[in-house]
Amino acid sequence: MIDLRMVSDSWRRWPVTVRDLPLALLLALASVVPPLRDHGTQLGDLPGRPFDALTVAVIALECLPLAVRRRWPALCLALVSVGFVIDQLRAYHTVAGSALAIALLSAGAHVQRRRRITMVLGSAAYVALAVTLDRQGSTEGVLGFATFYLLLVLAWGIGAWLREARAVEAERRRHVAVTARAAERTRIASELHDIVTHHVTAMVVQAEAARYLTAAPERLDTTLTAITDTGRRAITDLRHLLDLLNPDHSADPRTPAVGELHALVAQTRQAGQPVEFTEDGSPAETTGGAEVAAYRVVQEALTNALKYAHGSRTTVHVHHGERETTVQVSTEGSGSYAEGPGGSGRGLAGLRERVGVLGGEFSAGRHADGSFVVRARIPTGGPS
């Protein structure tokens, strides 16, 4: 079977003049068909004249320029107008006269410069034609000529409306593209913040602890090994993130899953943070972006615990329900946000936005007992 979509795509690849030529040839052919000879445009109502050798040239002048009506619309309108004038003055009244309306519509849609001059010159030429036809004995009258002129204006107006609609659509697509690029940059910035902040914070905390372990070589070696492992994980995550920016990369970019939370907790413990981790239920088969959001919530909360309450007891609880995943991370202690490595202040705000996009709820704040609690309720099955 013929794939109509492939045929349509193949047709669009042809030059615009080739695609516009069939209409010009069809109208020229219709103009010489005997049954249609007396059914053309009759402006002025002069007695018809039989077709002669000049008629073929007039038909060609009216129809063939339609092949360039989108590439050179002003030239097309000028040539068709000349052919129309000769057609009416010679009283051939061919079907090819309807090409004037098509040329006007195309000019209204595609003429980019000197549009007003084109309209003024066209109107002046029409007035001259009307006066000439009236002197030749036309019975059309002022009302008839004015009515035909309004029809020509309508054709131009339709073309101008199509031009405006095309411009509005182009602006809408440009705005959508700009918005999409901005959203993608924001998403990549958020992912970069989550990866770099967590891994680098862990490395800084581990390096600071290593200063005090010079007298304990075994513990120092363990700490340095943990720093090395953290750096390698950071490099791996950054490579996967940079794949998002590589247009030649065919595989889907890696995204963290809830199942990797055990590794995340183990890494935080290596940095010297006591973490208790509990997980209820199992992730749904289709979680959309909920799985990634849950991972990022835990990652950011543990990063903040390392920064501002290093060594304090931290509890992570993840519950997988049928329709949502809930995350709660609680850190004891009275650490101040002025302590530890400097932060950008965008982590929690980014999480609130990420969870909000999925239709969930996010909160973070200090409780009366002095602990800092991060909670998130994330519906599953939402958009990724």
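Residues numbered from 1 in each chain as written. Predicted model: local features only at pLDDT ≥ 70, side-chain atom pairs only at ≥ 80, totals over all residues. Heavy atoms only, no water.

## Digging into the overall build of the protein
- The helix and strand inventory of the protein stands at 11 helices and 5 strands.
- Counting only residues that meet the buried cut, the protein has 36% of its 384 residues in that class.
- Considering only residue pairs separated by 6 or more positions, the protein has 73% of its internal contacts joining residues 24 or more positions apart. (Helix = DSSP H or I, 4+ residues; strand = E, 2+ residues; numbered from the N terminus. Buried < 20%, exposed > 50% of the residue type's maximum accessible area, 1.4 Å probe, protein only. Contact = heavy atoms within 4.5 Å.)

## Some thoughts on the nonpolar core
- One finds L43, L66, V80, L100 and L104 to be the most contacted residues of the largest nonpolar core, which totals 31 residues.
- Setting aside residues up to four positions removed in sequence, V80 forms contacts with L61, E62, P65, L66, A99, L100 and A103.
- In this structure, V265, V297, V327 and F372 belong to the second largest nonpolar core, which totals 25 residues. (Core = buried A, V, L, I, M, F, W, Y, C linked by side-chain atoms within 4.5 Å.)

## Focus: the packing of helix α4 (residues 73-89) against helix α6 (residues 115-135)
- Across the interface, α4 lies against α6 with an axial gap of 11 Å and an inter-helix angle of 10 degrees. Judged by the inter-axis angle, α4 sits roughly parallel to α6. Mapping the contact onto sequence places L77, F84, V85, Q88 and L89 in α4 and T118, L129, T132 and L133 in α6. (Axes fitted to C-alpha atoms, helices over the stretch in contact; angles between N-to-C directions. Parallel < 35°, antiparallel > 145°, perpendicular 65-115°, else oblique.)

## Points about the packing of helix α9 (residues 261-270) against helix α10 (residues 290-308)
- The interhelical angle for the contact between α9 and α10, taken along N-to-C directions, is 5 degrees, at an axis separation of 11 Å. On the basis of their axis angle, the class for α9 and α10 is roughly parallel. The residues of α10 that touch α9, namely those facing L261, L264, V265 and T268, are Y295, V298, Q299, L302 and L306.
- Here the residues of the contact of α9 with α10 are counted per class, giving 7 nonpolar, 2 polar and no charged. (Nonpolar A, V, L, I, M, F, W, Y, C, P; charged D, E, K, R; others polar.)

## Notes on the packing of aromatic side chains
- Applying the stated criterion to the full structure yields 4 aromatic pairs.
- Ring centres of F51 and Y92 lie 6.3 Å apart, and the angle between their planes is 85 degrees; on these two criteria the pair is classed as edge-to-face. In this pair, F51 is assigned in the loop between α2 (16-32) and α3 (53-63) and Y92 in the loop between α4 and α5 (99-110), connecting sequence segments 41 residues apart.
- Relative accessible area serves as the criterion here: at 3%, Y92 is assigned to the buried category.
- Both rings, one in Y126 and one in Y149, keep their centres 5.5 Å apart while their planes meet at 40 degrees; by these two values the pair is tilted. Linking Y126 in helix α6 with Y149 in helix α7 (residues 141-210), this pair joins segments that are 23 residues apart in sequence.
- Ring pairing ties together the aromatic residues F84, Y126, F148 and Y149, which thus form one cluster. (Phe/Tyr/Trp six-rings, centres within 6.5 Å; stacked < 30°, edge-to-face > 60°.)

## Some details on the UniProt feature "transmembrane region" (unreviewed entry) in the protein
- Feature annotation in UniProt assigns "transmembrane region" (unreviewed entry) to the following positions: residues 89-111 and 141-162.
- Between the first and last C-alpha atoms of residues 89-111 the distance is 28 Å; the span itself is 57% helix and 0% strand.
- Within the segment residues 141-162, helix and strand shares are 100% and 0% respectively, and the terminal C-alpha atoms sit 32 Å apart. (UniProt positions renumbered as here; feature names shortened; annotations may be inferred.)

## Section: unusual backbone geometry
- Despite not being glycine, H93 has its phi angle at roughly 55 degrees, a positive value.
- Using a relative accessible area of 4% as the deciding quantity, one classes H93 as buried.
- The phi dihedral of R114 is positive, around 55 degrees, even though this residue is not glycine.
- Judged by its relative accessible area of 58%, R114 is exposed.

## Here's the deal with α2
- The end-to-end C-alpha distance of α2 is 26 Å, a good match for the 24 Å that 17 residues give at a rise of 1.5 Å each.
- Along α2, the residues that are buried comprise T17, D20, A24, L27, A28, A30 and S31.
- Looking at the buried side of α2, the elements it contacts are α3 and α5. (Expected span 1.5 Å × (residues − 1).)

## A word on the pairing of strand β2 (residues 314-320)
- In β2, alternate side chains face the same way, and those of T314, V316, V318 and H320 are buried while those of T315, H317 and H319 on the opposite face are not.
- Two strands pair when backbone bridges link them, and strand β1 (residues 275-280) and β2 are joined in this way by 6 bridges, in the parallel orientation. By the bridge assignment for β2, T278 is matched with H317.
- As judged from the 7 bridges shared by β2 and strand β3 (residues 324-331), these two strands associate in the antiparallel manner. If you follow T314 over to β3, its bridge partner there is T331.
- Hairpin connection between β2 and β3: a loop of 3 residues separates the two successive antiparallel strands. (Pairing = 2+ DSSP bridges.)

## A few points about the pattern of salt bridges
- Following the criterion strictly, the structure yields 10 salt bridges and no others.
- Across the pair D20 and R70 runs a salt bridge whose closest N-O atoms are separated by 2.8 Å. In this pair, D20 is assigned in helix α2 and R70 in the loop between α3 and α4, connecting sequence segments 50 residues apart.
- What makes D20 buried here is its relative accessible area of 2%.
- On the accessibility criterion, R70 (32% relative accessible area) is partly exposed.
- For E324, the salt bridge goes to R377, with nearest N and O atoms at 3.0 Å. (Salt bridge = Lys/Arg side-chain N within 4 Å of Asp/Glu carboxyl O.)

## A short note on α3
- All buried positions along α3 are accounted for by T55, V58, I59, E62 and C63. One side of α3 holds all its buried residues, which, seen down the axis, span an arc of 115 degrees. Along α3, exposed side chains directed more than 90 degrees from the buried face belong to A53 and V56.
- Tucked into the core, α3 has its buried residues touching α2, α4 and α5. (Arc of directions from axis to C-beta.)

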